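# Analysis of the macromolecular model
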Amino acid sequence: MPAPLKVAVTGAAGNIGYSLLWRLASGDCFGKDQPIALSLLEITPALDKLQGVIMELHDSAFPLVTSIEGTDDAAAAFKDADAVFLVGSRPRGPGMDRADLISANGKIFVGQGKALNGIKPDGRVITVGNPCNTNCLVAAHHAPDIDNGRFTAMTRLDQNRAVGQLAVSKGVAAGAVKDVFIWGNHADTMYPDVRFATLSDAPVTEQFEDAWLKGEFLKTVATRGKAIINARGASSAASAASAAVDHMRDWFLGSNGQIVSMALPSKGWYGVPEGLVFSFPVRCEGGEYTVVEDLPLDDFAKAKIAENVAALEEEKAAVADLLT
Ligand code: NAX
């Protein structure tokens, strides 16, 4: 057996945590022969609840879990971590607009960014807590010793939602759909690009009307989070946890040649301003991701990318005081 990976999860007593921790512990993310040491971070008032979660994890007797620590100290939680899931953040409260939420959550990611400076230099960070792209930007900014390429944000749930819509429409399993990915922000503006995707080995663009792909399909994917809240009375938690597992698993173990979505600090790819955390098409192999840089852009894709750049520039401006 290899040495255990230290896996840190924030907001571990929350709804996503309650699904995510069991998937991590069962080996779905890092492999069925990879032991893990769980390091769980919560705010002080939620530590009792976290103890209950830890008791249940112990009661699940996972063979791969070597230890479980719960703490409210971010520096201790992240020290020498190999993988970090930044899930914890503040939900939007009554009367809060998006700018208030961005600014309230941005502050959390200043402190956590400083603590993330202590992860292993080759550690991997996924930001799930919203607004995840901009929270990731803030966290990476405050961890100067860690290459900002180790910081990512999650648009895999949007990708999976798009795959799910296509698969259900044709009555096939999701595994028949390949190379769907997301451009931009994890927000209503994001763009699920299917121009290079296949379903049952044939191009998606030959099996669906263009008007549907750019209309109802796009809208369904973009507003799926709200539809789930309306139907379930609670936000997507199991599917979000599943997407976080997919994201981190592919980064560690590879995407088998498939294009997947990861929001990354831009290095100027596709004209996206450097540093903006933007979802790009990537392939993962040998523990690293590589942006697929040579995809042609049509006018629709260019317009959607521009719309997302503008939205993310606006979010960045809202946290300018946290980026000094
Ligand atoms: P919950 O409110 O159930 O849980 C959040 C947990 O985070 C709570 O236990 C809280 O005590 C903890 N927390 C708050 N501040 C913290 C801090 N500074 N350090 C450590 N823990 C802290 O929310 P949940 O449903 O689990 O969702 C978590 C986040 O994921 C939210 O921001 C949500 O908006 C976001 N999502 C992101 C998605 C994505 O695709 N990127 C999709 C699902 C989800 O909406």
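Rules and cut-offs
Throughout this description, residue numbers start from 1 for each chain and increase along the sequence as written. Where local features are concerned, this predicted model is filtered to residues with pLDDT of at least 70; where side-chain atom pairs are given and counted, the filter is 80 or more; whole-chain, interface and lining totals use all residues. Side-chain metrics rest on all non-hydrogen atoms present in the structure, leaving aside hydrogens and water. Where each domain begins and ends is defined by an automated method or by a domain database. Contacts are assigned to residue pairs that have any heavy atoms within 4.5 Å of one another. Here's the idea: put two parts together, see how much 1.4 Å probe accessible area each one loses, and the total over both is what we call buried area. One speaks of a salt bridge when a side-chain nitrogen belonging to Lys or Arg is within 4 Å of a carboxyl oxygen belonging to Asp or Glu. In the analysis that follows, any N or O atom pair within 3.5 Å is treated as a polar contact, provided that within protein one partner can donate a hydrogen and the other can accept it, and provided that, for residues neighboring in sequence, both atoms belong to side chains. For helices the rule is a DSSP run of H or I covering at least 4 residues; for strands it is a run of E covering at least 2, with both sets numbered from the N terminus onward. Here, expected helix span is obtained from the residue count minus one, scaled by 1.5 Å. Exposure categories follow from relative accessible area, calculated using a 1.4 Å probe and restricted to protein chains: below 20% of the type maximum is buried, above 50% is exposed, and the middle band is partly exposed. At least two DSSP bridges between two strands are required for those strands to pair. Here is how to tell: hold the view so the strands point away, follow the path from the first strand over the helix to the second, and if it runs clockwise the crossover is right-handed. When at least one non-hydrogen atom of a residue lies within 4 Å of a molecule or strand, that residue is treated as near it. Using the Shrake-Rupley algorithm and a 1.4 Å probe, accessible areas are obtained, with residue cover drawn only from the displayed protein chains. Residues are sorted three ways: Asp, Glu, Lys and Arg are charged, Ala, Val, Leu, Ile, Met, Phe, Trp, Tyr, Cys and Pro are nonpolar, and all the rest, Gly among them, are polar. Whether two aromatic rings pair depends on their centres lying within 6.5 Å, for rings of Phe, Tyr and Trp, where Trp uses its six-membered ring; planes under 30 degrees apart make the pair stacked, over 60 edge-to-face, and the rest tilted. We call a charge positioned over a ring when the NZ of a Lys or the CZ of an Arg lies within 6 Å of the ring centre and within 35 degrees of the ring normal. The axes are straight lines fitted to the C-alpha atoms, using for helices just the contacting stretch, and the angles between their N-to-C directions are given from 0 to 180°. Handedness of a helix crossing follows the sense of rotation of the near helix relative to the far helix, less than a right angle counterclockwise being left-handed and clockwise being right-handed.

With that out of the way, let us pick up the domain arrangement of the protein. Bring the parts together and some accessible area is lost; that lost area is often taken as the interface size. In terms of domains, the protein is made up of domain 1 (5-153) and domain 2 (156-317). The distance between the C-alpha centroids of domain 1 and domain 2 comes to 23 Å. Counting residues at the interface gives 34 residues for domain 1 and 34 residues for domain 2. Taking both sides of the interface into account, the surface hidden between domain 1 and domain 2 amounts to around 2600 Å²; carbon and sulfur atoms contribute 63%. In terms of surface lost to domain 2, no three residues of domain 1 exceed R124, N133 and L137, which account for 24% of the buried area on that side. If you look at where domain 1 meets domain 2, you find 1 salt bridge. R150 is the salt-bridge partner of E288, the closest N and O atoms lying 3.1 Å from each other. Inspection of the domain 1/domain 2 interface yields 10 residue pairs in polar contact (both at pLDDT 80 or more). Going through the elements one at a time, α1 (15-25), β4 (83-86), α4 (98-116), β5 (124-127), α5 (132-141) and β6 (151-153) are the ones with two or more residues in the side of domain 1 that touches domain 2.

An ideal rise of 1.5 Å per residue puts 22 Å on 16 residues; helix α10 (residues 238-253) measures up with 22 Å between its terminal C-alpha atoms. Residues A240, A241, A243, A244, V245, D246, H247, M248, D250, W251 and F252 constitute the buried set of α10. Directly after α10, the chain includes G254, whose backbone phi takes a positive value near 105°.

Take the pairing of β4 next. Residues of β4 alternate between two faces, with A83 and F85 on one and V84 and L86 on the opposite face, all of them buried. Sheet topology note: the β4/β5 ladder contains 4 bridges and is parallel. Paired with L86 across the strands is T127, a residue of β5. Since β4 and β5 lie parallel, the crossover through α4 that links them has a hand, and here it is right-handed.

What follows covers the site of the ligand. Near the ligand there are 24 residues, and of these N15, I16, E42, S89 and N130 occur at the shortest range. Within the backbone of G14, one N or O atom sits 3.4 Å away from an oxygen atom of the ligand. The contact in question runs from an oxygen atom of the ligand to an N or O atom on the side chain of N130, over 2.9 Å. With the chains in place, 83% of the 880 Å² that the ligand exposes on its own is no longer accessible. Listed by contribution, the elements that provide at least two residues to the shell around the ligand are α1 and α4. Residues belonging to the shell around the ligand are distributed by class as follows: 12 nonpolar, 11 polar and 1 charged.

Moving on: the packing of aromatic side chains. Taken as a whole and assessed by the stated rule, the structure comprises 10 aromatic pairs. Between W269 and F280 the ring centres are 5.2 Å apart and the planes differ by 80°, which places this aromatic pair in the edge-to-face class. Within this pair, whereas W269 is found in the loop between β12 (260-265) and β13 (277-285), its partner F280 is found in strand β13, the two being separated by 11 residues in sequence. Across the pair, exposure class does not vary: W269 and F280 are buried alike. On the basis of an interplanar angle of 45° and a centroid distance of 5.3 Å, the ring pair of F278 and F280 is categorised as tilted. Neither F278 nor F280 differs from the other in exposure class; each is buried. Taken together, F181, W183 and Y270 form an aromatic cluster joined through their ring pairs. The aromatic ring of F252 is capped on one face by R124, whose charged end is 4.1 Å from the ring centroid. Over the aromatic face of F300 sits the side chain of K214, whose NZ or CZ is 5.1 Å from the ring centroid.

Moving on, we get to the packing of α4 against α5. Contact geometry of α4 with α5 gives a least axis separation of 7 Å together with a crossing angle of 40°. Crossing angle aside, the handedness with which α4 passes α5 is right-handed. Across the interface between the two elements, I102, N105, G106, F109, V110, G113 and L116 of α4 pack against T134, N135, V138 and A139 of α5. Its residues assigned to classes, the contact of α4 with α5 comprises 6 nonpolar, 5 polar and no charged.

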